[in-house]
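Residues per chain, in single letters:
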Amino acid sequence: MTDDEIALTQAELDKVLNSVRKDNAEHDEEDEEAGVALSQAELDRLFSGGSSPFADTPLSKPSVPPVQETSIPEPEVSPVADLPPEELSPKTEEKSNQDLIDAVVNAREAKIAERKARMAEMLAQANASSPRRIQVIYGSALKSGAELDAIPEGGVLELDRMTTELAEIYVDGKLYARGKLGSSKDGHTAIKITQKLS
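A few points on the structure. Keep in mind that this is a model prediction, so the values were computed, not measured. (Residues numbered from 1 in each chain as written. Predicted model: local features only at pLDDT ≥ 70, side-chain atom pairs only at ≥ 80, totals over all residues. Heavy atoms only, no water.)

### Regarding the pairing of strand β4 (residues 189-196)
What counts is decided by this rule: Think of it in three bands: with a 1.4 Å probe and only protein chains considered, a residue is buried below 20% of the maximum accessible area for its type, exposed above 50%, and partly exposed in between. Helix numbers and strand numbers start at the N terminus; a helix is a DSSP run of H or I with at least 4 residues, a strand a run of E with at least 2. Whether two strands pair comes down to DSSP finding at least two bridges between them.
With zero of eight residues buried, β4 is to be regarded as a mostly surface element. Here seven bridges tie strand β3 (residues 174-183) to β4, and the two strands are oriented antiparallel to one another. Bridge assignment links Arg178 to a residue of β4, and that residue is Gln195. Counted along the chain from β3 to the antiparallel partner β4, the turn is five residues long, and its residue Gly187 has a positive phi close to 95°.

In structure tokens:
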């Protein structure tokens, strides 16, 4: 530290600043007439022990540019009839969000439908290649246990169907067709399909 420099504590610096503020408050009008104005750099130089900020510059009243009156232009308002219907609606953003949601839902539904069609095709292929149980029922009868036991070997069991009626063909327990009983060329019992139901 040189002889010209002054060391101040924070308390002393606060005291000087408060004194300056108080003095400024009491002499606002005098300062305004004298035109005293200090920049932040000049204040820093003053309190850091540098030379006076007024040493090189003459005192002058700061120039303030005159206030010019400017008129604020009126905003242009376009008639409502000129706006497209999308801009009239306050829910335009909600509509675009709903369109996006609908597109996602439609895409998922399309994928699900495609998977279902593929599974149905695979099931049809599996059914076409797997063996199916076929039963031919020519007629039926309803008898009690005693009546059934009373029929001897060589006896006749009467059915509920006439000989001229068609026999029923079941595939895996489901009625599939009707037809006439007969025999094949090699002597096996056969049925000629005359009515296909499914």
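### Details of the sheet that holds β4
Applicable threshold: Only the contacting stretch of a helix is used when fitting its axis, a line to C-alpha atoms as for every element, and angles between N-to-C directions run 0 to 180 degrees.
Taken in spatial order, the four strands of this open sheet run β1-β2-β3-β4, and their pairing is antiparallel. Each having just a single partner strand, β1 (134-137) and β4 make up the two edges of the open sheet. Neighbouring strand axes in the sheet, compared pairwise and without regard to direction, differ in orientation by 40° on average. Pairing of strand β2 (residues 167-171) with β3, which is carried by five bridges, proceeds in the antiparallel orientation. What sits directly across from Ile169, in β3, is Ala177.

### A look at the side chain of Glu168
Defined as follows: Between N or O atoms, a polar contact is any pair within 3.5 Å; within protein, one atom must be a potential hydrogen donor and the other a potential acceptor, and residues adjacent in sequence are included only when both atoms are from side chains. Should any heavy atoms of two residues lie within 4.5 Å, those residues are considered in contact.
Here Glu168 is to be found in strand β2. Classification of Glu168 by relative accessible area gives buried; the value is 15%. Within the local environment of Glu168, its side chain forms a polar contact with the side chain of Tyr170, the two groups lying 3.0 Å apart. Here Glu168 is in contact with Gln135, Val136, Ile137, Arg161, Leu175, Ala177 and Arg178, once residues within four sequence places are set aside.

### Looking at a nonpolar patch on the surface
Convention followed: For patch detection, residues must exceed 30% relative accessible area and be free of salt bridges, and they are connected within 9 Å for like charges or within 5 Å for nonpolar side chains (Val, Leu, Ile, Met, Phe, Trp, Tyr). Only the protein chains shown count as covering a residue, and every accessible area follows the Shrake-Rupley method with a 1.4 Å probe. Salt bridge, as used here, is a side-chain nitrogen of Lys or Arg placed within 4 Å of a carboxyl oxygen of Asp or Glu.
On the surface, Ile134, Val136 and Leu181 cluster together to form a nonpolar patch covering roughly 270 Å² of accessible area. Along the chain, Val136 falls in strand β1. Residue classification places Val136 among the partly exposed positions, given a relative accessible area of 40%.

### As for unusual backbone geometry
The backbone of Asp172 sits at a positive phi, close to 50°, despite the residue not being glycine. Looking at the element boundaries, Asp172 is found in the loop between β2 and β3.

### Concerning the pattern of salt bridges
Applying the stated criterion across every chain yields a total of four salt bridges. Across the pair Arg161 and Glu168 runs a salt bridge, and its minimum N-O distance is 3.8 Å. Of the two residues examined, Arg161 and Glu168, each falls in the buried class. The closest approach of N and O atoms between Arg178 and Glu168, which form a salt bridge, is 3.8 Å. Placement of Arg178 in strand β3 and of Glu168 in strand β2 is noted, with a sequence separation of 10 residues between them. For Arg178, a relative accessible area of 24% translates into the label partly exposed.

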